[in-house]
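Coordinate analysis (summary)
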Amino acid sequence: MKKNEKIGIMILALVAIIVIVVLLVNRSGKDKQTSGGNNGVGSSQVDNGQNGEEFVSRQEDGTKVNISNKIKETKRVGGLEITGLTITEKDNLAQLLGTVTNVSSGVEGNYTLKIIVLDKDNQEIIDMLFSVSELQPGQSVGIDSSATFDFSNAYDIRFEKM
């Protein structure tokens, strides 16, 4: 075999491997996820558990919005208060947004919070880490944490200081 033929065969084999990996990744992503997200526009419909998504409202554009009242409750970790939590999912990207406020009289933060997303049976769906910068009393910072795993049907969220 000539050197050019060997190089051509190696390139074809590499392309074939890449195509197989891309197909497997796309297939596994479709098995775990559905489309969704939140742009705040359009009509919505509540699933009411028909597709196992008891805490999800679907927007006209396919966005999934979590509607669990438990998630909307104010959470506390030490001198930090976590409010305004929302979960949306769109285009295979689930996103958790919220606000962390230092409600203590001293400096708080400069550590990591473990975000534990729970189902209605209090079982963990996913956990994520969020670094809280140093916050002066009354100072706030936004939470923006996302995953390529659909956790939009969560019932509650728990936070733990690491």
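Per chain, residue numbering runs from 1 following the sequence as it is written. In view of the model being predicted, local features appear only for residues whose pLDDT reaches at least 70, and side-chain atom pairs are presented and counted only at 80 or more, with totals across whole chains, interfaces and linings using the full set of residues. For the side-chain quantities, the full set of heavy atoms in the structure was used; hydrogens and water were omitted.

**Some thoughts on the side chain of Ser 68**
Strands are runs of DSSP state E lasting at least two residues, helices are runs of H or I lasting at least four, and both sets are numbered from the N terminus onward. With respect to the secondary-structure elements, Ser 68 resides in the loop between strand 3 (64–66) and helix 2 (69–72). A 3.5 Å cut-off defines polar contacts: any pair of N or O atoms within that distance qualifies, except that in protein one atom must be a possible hydrogen donor and the other a possible acceptor, and neighbouring residues in sequence count only when both atoms are side-chain atoms. Here the side chain of Ser 68 touches Lys 70 through a polar contact of 3.3 Å, landing on its backbone nitrogen. Other than its neighbours up to four places away in sequence, Ser 68 contacts Phe 55, Ala 154 and Tyr 155. Any two residues whose heavy atoms approach within 4.5 Å are treated as being in contact.

**Describing the nonpolar core**
Of all hydrophobic cores here, the largest spans 24 residues; its most connected members are Leu 96, Ile 115, Ile 143, Phe 151 and Phe 159. When neighbours within four sequence positions are excluded, Phe 159 is seen to be in contact with Lys 75, Val 77, Ile 82, Leu 85, Leu 113, Lys 114, Ile 115 and Ile 143. Nonpolar core, defined: a set of buried Ala, Val, Leu, Ile, Met, Phe, Trp, Tyr and Cys residues in which side-chain atoms within 4.5 Å join the residues together. Exposure categories follow from relative accessible area, calculated using a 1.4 Å probe and restricted to protein chains: below 20% of the type maximum is buried, above 50% is exposed, and the middle band is partly exposed.

**Some words on the packing of aromatic side chains**
Classification of ring pairs uses Phe, Tyr and Trp, with its six-membered ring standing for Trp, and accepts pairs whose centres are within 6.5 Å; under 30 degrees between planes counts as stacked, over 60 as edge-to-face, and the remaining range as tilted. Scanning the model with the defined rule gives one aromatic pair in all. Between Phe 55 and Tyr 155, the ring centres sit 5.2 Å apart and the planes meet at 50°, which makes this aromatic pair tilted. Remark: Tyr 155 occurs in the loop between strand 9 (140–147) and strand 10 (156–161) and Phe 55 occurs in the loop between strand 1 (44–46) and strand 2 (56–59); sequence separation between them is 100 residues. Lying over the aromatic face of Tyr 111, Lys 161 brings its terminal NZ or CZ to 4.3 Å of the ring centre. The rule for a charge over a ring is simple: NZ of Lys or CZ of Arg within 6 Å of the ring centre, and within 35 degrees of the ring normal.

**Thoughts on the pairing of strand 6 (residues 93–102)**
Looking along a regular strand, one sees the side chains alternate between the two faces of the sheet. Should DSSP find at least two bridges between two strands, the strands are regarded as paired. Where strand 5 (residues 80–90) and strand 6 come together, nine bridges link them in antiparallel fashion. Pairing of Lys 90 across the sheet is with Leu 93, part of strand 6. In this structure, the hairpin formed by strand 5 and strand 6 is closed by a connection of two residues, where Asp 91 is found at a positive phi of approximately 55°.

**Regarding the environment of Ser 68**
Note on Ser 68: relative accessible area 2%, which makes it buried. Spatially, the C-alpha atom of Ser 68 lies 5.3 Å from that of Phe 55, the residues being 13 residues apart in sequence.

**Some thoughts on the environment of Arg 158**
Along the polypeptide, Arg 158 turns up in strand 10. For the pair Arg 158 and Ile 116, spaced 42 residues apart in the sequence, the C-alpha separation amounts to 5.1 Å. At 3.4 Å, the side chain of Arg 158 and the side chain of Glu 160 are in polar contact.

**Some details on the pattern of salt bridges**
Within this document, salt bridges are pairs made up of a side-chain nitrogen of Lys or Arg and a carboxyl oxygen of Asp or Glu, the two lying within 4 Å of each other. The full count for this structure, using the stated rule, is eight salt bridges. Ionic pairing is found between Lys 120 and Glu 54, a salt bridge with its closest N-O pair at 2.8 Å. One end of the pair, Lys 120, is in the loop between strand 7 (111–118) and strand 8 (124–132); the other, Glu 54, is in the loop between strand 1 and strand 2, with 66 residues separating them in the sequence. A relative accessible area of 51% places Lys 120 in the exposed class. Using a relative accessible area of 33% as the deciding quantity, one classes Glu 54 as partly exposed.

**Topic: the confidence of the model for the chain**
The predicted model of the chain averages 81 in pLDDT, with 75% of residues at 70 or higher. For the chain, per-element mean pLDDT is lowest for strand 1, which scores 40, and highest for strand 4 (residues 75–77), which scores 96. Per-residue pLDDT stays below 50 along residues 29–50; that stretch engages in 56 contacts with residues further than four places along the chain or on separate chains. A residue's pLDDT is simply how confident the predictor is in it, with values from 0 to 100.

**Re unusual backbone geometry**
Most peptide bonds are trans, and most residues other than glycine sit at a negative phi. In this model, Asn 92 sits at a positive phi of 65°, which is unusual for a non-glycine residue. The residue Asn 92 is located in the loop between strand 5 and strand 6 in this model. The class of Asn 92 is partly exposed, set by a relative accessible area of 32%. Although it is not a glycine, Asn 122 adopts a positive phi angle of roughly 65°.

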